[in-house]
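Fold and contact review
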2 protein chains.
Amino acid sequence: MDKPYVLGLDMGGTNSVLGIVDARGHVLARISIKTQEYTDINDYVNALYTEALKIINPIGGMEMIRGIGAGAPNANYYSGNIENAANLPWKGIVPFAHLMSEKFGVPCTITNDANAAAMGEMMYGAARGMKNFIMITLGTGVGSGIVIDGRMVYGHDGFAGELGHTKIDRSANARLCGCGQKGCIETYASANGVARTAKEIVSSTTKETMLRQLDIDKITSFDVFKAAEAGDVVAKEIFDYTGTLLGQKLADFVAFSAPEAIFLFGGLTKSGHWIMDPVVRSLNENVMPLWKNKVKVMFSDLKEADAAILGASALAWE
Amino acid sequence: MDKPYVLGLDMGGTNSVLGIVDARGHVLARISIKTQEYTDINDYVNALYTEALKIINPIGGMEMIRGIGAGAPNANYYSGNIENAANLPWKGIVPFAHLMSEKFGVPCTITNDANAAAMGEMMYGAARGMKNFIMITLGTGVGSGIVIDGRMVYGHDGFAGELGHTKIDRSANARLCGCGQKGCIETYASANGVARTAKEIVSSTTKETMLRQLDIDKITSFDVFKAAEAGDVVAKEIFDYTGTLLGQKLADFVAFSAPEAIFLFGGLTKSGHWIMDPVVRSLNENVMPLWKNKVKVMFSDLKEADAAILGASALAWE
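Definitions and limits used
Residues numbered from 1 in each chain as written. Chains lettered and ligands numbered in written order. Predicted model: local features only at pLDDT ≥ 70, side-chain atom pairs only at ≥ 80, totals over all residues. Heavy atoms only, no water. Contact = heavy atoms within 4.5 Å. Buried area = accessible area lost by both parts, 1.4 Å probe. Salt bridge = Lys/Arg side-chain N within 4 Å of Asp/Glu carboxyl O. Polar contact = N/O pair within 3.5 Å; in protein donor to acceptor, adjacent residues only side chain to side chain. Helix = DSSP H or I, 4+ residues; strand = E, 2+ residues; numbered from the N terminus. Nonpolar A, V, L, I, M, F, W, Y, C, P; charged D, E, K, R; others polar. Least-squares fit on C-alpha atoms with pLDDT ≥ 70 in both. Core = buried A, V, L, I, M, F, W, Y, C linked by side-chain atoms within 4.5 Å. Buried < 20%, exposed > 50% of the residue type's maximum accessible area, 1.4 Å probe, protein only. Axes fitted to C-alpha atoms, helices over the stretch in contact; angles between N-to-C directions. Parallel < 35°, antiparallel > 145°, perpendicular 65-115°, else oblique. Left-handed = near helix turned anticlockwise from the far one by under 90°. Pairing = 2+ DSSP bridges. Lys, Arg positive; Asp, Glu negative; His and termini not counted. Phe/Tyr/Trp six-rings, centres within 6.5 Å; stacked < 30°, edge-to-face > 60°.

**A closer look at the interface of chain B and chain A**
Interfaces are often sized by the accessible area lost when the parts come together. Taken together, the contact pairs 42 residues of chain B with 42 residues of chain A. Regarding the contact of chain B and chain A, the summed buried area is about 3400 Å², with carbon and sulfur atoms giving 56% of it. On the chain B side of the interface with chain A, the three residues burying the most area are B:His156, B:Arg170 and B:Phe256, jointly 22% of the side's total. Where chain B touches chain A, the interface holds six salt bridges. A salt bridge links B:Asp149 to A:Arg151; the nearest nitrogen and oxygen atoms lie 3.7 Å apart. Run the count over chain B and chain A and you get 24 residue pairs in polar contact (both at pLDDT 80 or more). Mapped by element, the contributors of at least two residues to the side of chain B that touches chain A are β9 (142–148), α7 (233–257) and α8 (273–286) of chain B. In terms of residue count, α7(B) provides more of the side of chain B that touches chain A than any other element does, seven residues in total. By residue class, the composition of the side of chain B that touches chain A is 21 nonpolar, ten polar and eleven charged.

So this is what it looks like as structure tokens:
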């Protein structure tokens, strides 16, 4: 093979990290730039190219690169556009795959970050050999990538897999979500959702908890994790509550696509068994009898730092 | 083509109807037997064969038949088995496709009834040309068949698409479902669910409604339809309530697979706009902004009497 490498780009709201990846899923080198510093998308692509050449030239230049895969918020696989991304500096519809492809001189394929994570898990992680699984990303929000019959689900318009915006609370006082809807599971089961639950408990109850000693506006899901580890009962309750709700929704997802496994990925999974145990319990309490204790729930097998790059790069091999 | 026809079997809890279908989706002839009369599955298959020959011999015998497709409750596409079907006389696991194939001497493929309806819609109905759609059957229960990228979703175990058993009510007093869970959308949005809602209102309120004149144990969804047509305010409320709940769940399904359209099929669709209007309103109130007023909701285009046979027969062409 005369072109042995691909580029994987993980575009986040803060940082964009680009790596060179070989066919065995090793990230040979990586660079990063600050996403928010470029208010013009062309400046962003140029900066990325300039930085990328610093690692590409040493391995033989662009003629060694087969293509680019990118994971980005609100990225549409079909159109190659990033569409109305709330957390990126470029508004409206950005023809990102086209711009990248023109600048780098190789094909560029894009998808959203959760789909990229699912691709990475399928090619390099614990989902190798699995034909049917769902990846749930528990970060700032809740994202999802769905694989059915070995293929990524993009849907009619390219935006399939927005499981973070299915509803867990349909009451009038359900939490407002960034998507404009109310009661989305994202508002409960994301890292932000856990922090939100903690703040609600601290401000609206008199329960004894070490979380009360923190600046209420700055409580994070990691604070809740540390408190749980230290034996804080309220912190444990918060994870139990969060996992219960997430498990309820996972049961609905199982009824949809009957996956072999559900993978959890992202910041909140650092909470380990505190989040996993209630999720598994609640899932099995809420699925139809035929699926009870049949669907595996696992943490992603990918190294956090490389996962998004690997996942995105997987697109470039297609 | 030397074998121009297939057989389509629609196995219901009461009747089993088998038809000869040509490649253009015409049902040339049909026979039926009473499912419940055969407590031994071998007797059932033998009776079906004997009856079927009465219509097969006139068109040239079994050498004209390419294969058999069957839609049956709890049928597993992968294994060819009917597994633990509550409404059929045969308990446990029945190797139905194998038995049919042996008796008829042609390949037999089976799937559940909702998947069969989706296949029929895709080959012969309003979903022709559509790659991504969801079929929801609103009959005794709520079934579903999901098509993604032009392919039926069977999942890891063959039981994908049990959307009737996703939850709409997670409260302690949610309705008990036949599946053993509580609060499934099936308990509200099926024909039986509508009847259940009507009975609850008649027995627990003093609202003025013509439904009160009926034997409460015998109220059907068709009675509610007739009352709505006659201007009964409570009957309209029942459809509004039912459609609102169903639309909420459809919004969740859209977030999963981003379908081009959702088709409604089965007995309850005879209620026409009484059920359609609140479903569409509620769906659009509950989807993410990007899908608002974008997803088509339609009644199935297939003739009720032939739909299940056509859908099942579609499997035999594969």
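**Some words on the relation of the copies chain B and chain A**
The two copies are related by a screw operation: chain B maps onto chain A through 180 degrees of rotation and 0.0 Å of translation along the axis, at an RMSD of 0.0 Å. Expressed as an axis order, the relation between the two copies is that of a two-fold axis.

**Comments concerning the nonpolar core**
In terms of nonpolar packing, the biggest core is built from 106 residues, with A:Ile136, A:Val224, A:Trp291, B:Ile136, B:Val224 and B:Trp291 touching the most fellow members. Setting aside residues up to four positions removed in sequence, A:Ile136 forms contacts with A:Val142, A:Gly143, A:Ser144, A:Leu163, A:Leu250, A:Phe253, A:Ile262, A:Phe263, A:Leu264 and A:Phe265.

**Brief notes about the packing of helix α7 (residues 233–257) of chain A against α7(B)**
When two helices pack together, their arrangement is captured by the angle between the axes and the distance separating the axes. Orientation of α7(A) relative to α7(B), taken along the N-to-C sense of each, is 70 degrees, at an axis distance of 11 Å. It follows from the interaxial angle that α7(A) and α7(B) lie roughly perpendicular. Relative to α7(B), the crossing made by α7(A) is right-handed. Mapping the contact onto sequence places A:Lys249, A:Asp252, A:Phe253, A:Phe256 and A:Ser257 in α7(A) and B:Lys249, B:Asp252, B:Phe253, B:Phe256 and B:Ser257 in α7(B).

**Observations regarding the sheet that holds strand β8 (residues 133–138) of chain B**
Residues and elements named next belong to chain B. Here we have five strands laid out as an open sheet, ordered β10-β9-β8-β11-β12, and mixed in their pairing. The two strands at the open ends of the sheet, each matched to only one other strand, are β10 (151–152) and β12 (296–299). When β8 meets β9, the two strands line up antiparallel, connected through six bridges. By the bridge assignment, Ile136 is partnered in β9 with Ser144. Against the sheet, helix α3 (residues 113–124) contacts β8, β9, β10 and β11 (261–265), and its axis sits at roughly 45 degrees relative to β9. Here α7 sits on the sheet and contacts β8, β9 and β11; the angle it forms with β8, its principal contact strand, is near 155 degrees.

**A word on the side chain of A:Asp22**
Residues and elements named next belong to chain A. For Asp22, the location among the structural elements is in strand β2 (residues 15–22). It is Arg24 that comes nearest to the buried, bridge-free Asp22 among opposite-charge side chains, at 6.2 Å. There is a polar contact of 3.0 Å between the side chain of Asp22 and the backbone nitrogen of His26.

**Describing the packing of aromatic side chains**
Applying the stated criterion across every chain yields a total of 23 aromatic pairs over all chains. Relative to A:Phe104, the ring of A:Tyr49 lies with its centre 4.9 Å away and its plane at 90 degrees, an arrangement referred to as edge-to-face. Taken as a pair, A:Tyr49 in helix α1 (residues 41–56) and A:Phe104 in helix α2 (residues 96–104) lie far apart in primary sequence, 55 residues in all. Residue A:Phe104 is classed as buried on the basis of its relative accessible area of 4%. With a centroid separation of 3.8 Å and an interplanar angle of 0 degrees, the aromatic rings of B:Tyr77 and B:Tyr154 are classed as stacked. In this pair, B:Tyr77 sits in the loop between β4 (65–71) and β5 (82–83) while B:Tyr154 sits in the loop between β10 and α4 (186–189), placing the two residues 77 residues apart along the sequence. Among the residues examined, B:Tyr77 registers a relative accessible area of 26% and is labelled partly exposed. Chaining the aromatic ring pairs together yields one cluster made of A:Tyr38, A:Tyr44, A:Trp90 and A:Phe96.

**A short note on unusual backbone geometry**
Of note, the phi angle at A:Asn84 is positive, near 50 degrees, even though the residue is not glycine. Topologically, A:Asn84 is positioned in the loop between β5 (82–83) and β6 (93–94). Classification of A:Asn84 as exposed rests on a relative accessible area of 53%. Here B:Asn293, not a glycine, exhibits a phi torsion of approximately 60 degrees, which is positive. Looking at the element boundaries, B:Asn293 is found in the loop between α8 and β12. For B:Asn293, a relative accessible area of 64% gives the class exposed.

**Digging into the environment of A:Pro259**
As for its placement among the helices and strands, A:Pro259 is situated in the loop between α7 and β11 (261–265). What A:Pro259 contacts, discounting residues up to four positions off in sequence, is A:Asn132, A:Phe133, A:Ile134, A:Phe253, A:Val254, A:Val295 and B:His156.

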